[in-house]
Every structure is written in structure tokens, then in C-alpha cells.
Amino acid sequence: LFSVSGGKDLGGAIFHVIDQINHGIPQLIQPQMTRDIIELNFYSGSKAMDRSDYKTAQSYFSNSFLLLPKNHWSSHYEFSLRLYFLSSKVAYSCGNIEKAYILLKKILEKGCCLGDK
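A short tour of the structure in this document, coming up. All of these numbers come straight from a predicted model, not from anything done at the bench.

### What to know about the pattern of salt bridges
Within the structure shown, the criterion is met by two salt bridges. A salt bridge links Arg35 to Glu39, with the nearest nitrogen and oxygen atoms 2.9 Å apart. Of the two residues, Arg35 and Glu39 both sit in helix α3 (residues 34–50), four residues apart, roughly one turn of that helix. Here Arg35 falls in the partly exposed class, since its relative accessible area comes to 28%. Judged by its relative accessible area of 36%, Glu39 falls in the partly exposed class. A salt bridge links Lys106 to Glu109, with the shortest nitrogen-to-oxygen separation between them at 3.7 Å. Placement of the pair is Lys106 and Glu109 together in helix α7 (residues 97–110), with a separation of three residues, close to one helical turn. The class for Glu109 is exposed, based on a relative accessible area of 54%.

Written out as C-alpha cells, the structure reads:
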């Protein structure tokens, strides 16, 4: 569905698409698809947050974390910053204060400038 849509907004169907893709992780993922799947999970997590479904958002963000390359802070800095920040918001909203603290601490550690921190 994602490839057929050409990356267009799928509305609520995005959850069905990414759920099906996530069920195939890691067996069916081709290396060239990883970045798209990370971004789809991030987008789905953001959409779930918009609906105040923080548990679902946490699941999608966790999938993004699992697929990030080891050097993501240097290779995908802006994306990593957004993912860590929104994940900390979700963790806090779910009552997981310790996880939110750890994620925010990582932003402080890896942030390049004062505005990012």
C-alpha cells in the first residue's frame, strides 16, 4: 500500500500499512527500505499522539528506535532529535517518568547547540 500510494498521506490507513510492515520486521525488510520504515513508524507515532493514543505512539516510536543505525546521531541528527523529544513526551504521558528523563538526558548529551538542548 505504501509503495502504491507513492508516499501520499494515507490518513487512518497509515496505521494498517505500518502494522503490516512491522509484522514483517526483521525477516522481510530489505536494507534499502529501512529509512522509509523508520519514517513511517515515526509518522504513525506522531499521528497516534495527535489522537492522544500514547501507548500506540510509544509502540511506533520503539520500532523506529529498533531500526535506527548505530551512528544515527551523526547521520540523522535532526530526525534523532525529533524522535527522542517526541518519545520522551509519550513516555511522560504514559507515566514513565524515568524513561522520559533518560531520553531527554540523551538529547542534552548529543545536542549540538543550545537551541537543541
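Next comes the rest of the account.
### Re the nonpolar core
With 18 residues, the main nonpolar core has Phe42, Met49, Ala57, Phe61, Phe79 and Leu83 as its most contacted residues. Those elements that place two or more of their residues in this core are α2 (13–23), α3, α4 (54–67) and α6 (77–93). Ranked by residue count, the leading element in this core is α3, at six residues.

### Digging into α6
For α6, built from 17 residues, the straight-helix expectation of 24 Å at 1.5 Å per residue is met to within 8% by its first-to-last C-alpha distance of 24 Å. For α6, the set of buried residues is Tyr77, Phe79, Ser80, Leu81, Leu83, Tyr84, Leu86, Ser87, Ser88, Val90 and Ala91. Turning to α6, the residues buried within the fold contact α3, α4, α5 (72–75) and α7. Note on α6: the residue one or two positions beyond its end, Gly95, has a positive phi of about 85°.

Calculation notes
- Residues numbered from 1 in each chain as written.
- Predicted model: local features only at pLDDT ≥ 70, side-chain atom pairs only at ≥ 80, totals over all residues.
- Heavy atoms only, no water.
- Salt bridge = Lys/Arg side-chain N within 4 Å of Asp/Glu carboxyl O.
- Helix = DSSP H or I, 4+ residues; strand = E, 2+ residues; numbered from the N terminus.
- Buried < 20%, exposed > 50% of the residue type's maximum accessible area, 1.4 Å probe, protein only.
- Core = buried A, V, L, I, M, F, W, Y, C linked by side-chain atoms within 4.5 Å.
- Expected span 1.5 Å × (residues − 1).
- Contact = heavy atoms within 4.5 Å.

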